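If you want the building blocks of each chain, they are given just below.
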Amino acid sequence: MPAAPNAPVIIRLSDEERDTGVMSDHHLYDAVEAFFGDGFVVLENAVHDDMIDSLNQRMLQDTERLMAGEGLSHYAPLNNKVAENGAKAGGNLSQVPPLEKEWLSPEIFANKHAARVISYILGPKPEVHFLRSNTLLNNDDRQRVHSDMRFEHPNHPFAITQNVCLCDCGPENGMTELWLGTQNTGVEIRPQLGEPFIDEKFVEERRKIRPPIYPQVKKGSILVRDLRLWHAGMPNPTNNVRILLTINYYAGWFKNGALVSFPESLRSHVAALEKFADIKIAATFEQDDEFNYLDRKNNDEMSD
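In short, a report on the structure.

Procedures and definitions
Residues numbered from 1 in each chain as written. Predicted model: local features only at pLDDT ≥ 70, side-chain atom pairs only at ≥ 80, totals over all residues. Heavy atoms only, no water. Helix = DSSP H or I, 4+ residues; strand = E, 2+ residues; numbered from the N terminus. Buried < 20%, exposed > 50% of the residue type's maximum accessible area, 1.4 Å probe, protein only. Contact = heavy atoms within 4.5 Å. Areas by Shrake-Rupley, 256 points an atom, 1.4 Å probe, with all protein chains shown as cover. Lys, Arg positive; Asp, Glu negative; His and termini not counted. Charge placed at Lys NZ, Arg CZ, Asp CG, Glu CD. Axes fitted to C-alpha atoms, helices over the stretch in contact; angles between N-to-C directions. Parallel < 35°, antiparallel > 145°, perpendicular 65-115°, else oblique. Left-handed = near helix turned anticlockwise from the far one by under 90°. Expected span 1.5 Å × (residues − 1).

### Considering the overall build of the protein chain
Turning to step 1, where the next piece is worked out: A count of helical and extended segments in the protein chain gives 8 helices and 13 strands.
Turning to step 2, where the next piece is worked out: For the protein chain, the C-alpha atoms occupy an extent of roughly 50 × 45 × 35 Å along the three principal directions.
Turning to step 3, where the next piece is worked out: By the burial criterion, 57% of the 304 residues in the protein chain qualify as buried.
Turning to step 4, where the next piece is worked out: For the protein chain, the proportion of contacts with a sequence separation of at least 24, taken over those separated by at least 6, is 86%.
Turning to step 5, where the next piece is worked out: Here the protein chain displays about 13,000 Å² of accessible surface, and carbon together with sulfur accounts for 51% of that area.
Turning to step 6, where the next piece is worked out: Here the protein chain contributes 31 positive and 45 negative side-chain charges, whose respective centroids are spaced 3 Å apart.

### Structural notes on the side chain of Asp226
Turning to step 1, where the next piece is worked out: With respect to the helices and strands, the residue Asp226 is situated in strand 8 (residues 222-226).
Turning to step 2, where the next piece is worked out: Of the residues examined, Asp226 reaches a relative accessible area of 1% and is grouped as buried.
Turning to step 3, where the next piece is worked out: When neighbours within four sequence positions are excluded, Asp226 is seen to be in contact with Phe35, Gly39, Pro157, Ala159 and Gln183.

### A look at the packing of helix 2 (residues 25-38) against helix 6 (residues 112-122)
Turning to step 1, where the next piece is worked out: Where helix 2 meets helix 6, the closest approach of the two axes is 10 Å, and the angle between their N-to-C directions is 55°. In terms of orientation, helix 2 lies oblique with respect to helix 6. Considering only the axes of helix 2 and helix 6, their crossing is right-handed. Side by side, helix 2 and helix 6 meet where Asp25, Leu28, Ala31, Val32, Phe35 and Phe36 of the first sit next to Arg116, Val117, Tyr120 and Ile121 of the second.

### Observations concerning helix 3 (residues 49-67)
Turning to step 1, where the next piece is worked out: Between the first and last C-alpha of helix 3 there are 26 Å, a value that for 19 residues agrees with the 27 Å anticipated at 1.5 Å per step.
Turning to step 2, where the next piece is worked out: Where helix 3 is concerned, the buried positions are Ile52, Leu55, Asn56, Arg58, Met59, Asp62, Thr63 and Leu66.
Turning to step 3, where the next piece is worked out: Residues of helix 3 that are buried in the fold lie against strand 4 (92-94), helix 5 (106-109), strand 5 (127-136), strand 6 (159-165) and strand 10 (242-250).
Turning to step 4, where the next piece is worked out: Two residues or fewer past helix 3, Gly69 is found with a positive phi of approximately 90°.

This is the structure in structure tokens:
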């Protein structure tokens, strides 16, 4: 599907594709082509609204618990005023989804459409090494333009962020600023190695060529983004919490060592998710009586 000038490619799946889990070859071609060109593509109507609404309401309950101090809260420290007001003022809460069998539906957590696109980009059995969410609270600050890579990395796709939109997203509630086509840049554009931020000189040069976008995307959409792509979190002036479920996939050959923690009782369910979408979940299992998903430490600060 051709995109409007400087707009993301949005591929709307039919209800039949959504419900059967079988994407047409034409849509697959368009998705892969868009990803290699822009570093980003949207799969619209990828998950049924009822499932999205249920998970969103459940996660909003957990957001309230975290805000009340019940659990371990982590805020992405990338907002402009972090030195002045702290990371919390940026409103970008990294929240673990409910790691309970009734909520880990394969249609969301092992979506066949996203997995198929990602497999054609990264290779067979892409590996999940990160499972949290980008939960944006009310705030008036934005992040600095950055990439999710602090270190030397391949100059081709090796890691992909998959966001599942749990509500309609747009500039009005803090949809992420995206710089399409910037995925093929390296650490030389950073002020210094180890920093995620893009040097302002390069940001302004890129703005003249292809300025950033703030797309409108519908709930139930899946956003497929190259982890190297420039982006920035934006303010959410509303009182409505905006949640993007975040699942990071890596190519099997990259040998990422990060693990996703689950309770032991979910071992067979995790295996079923892997089989459902032909993926690998880099999982570690803990005793149920010692497991609280809201107490999980963030094992990847750069996945925001």
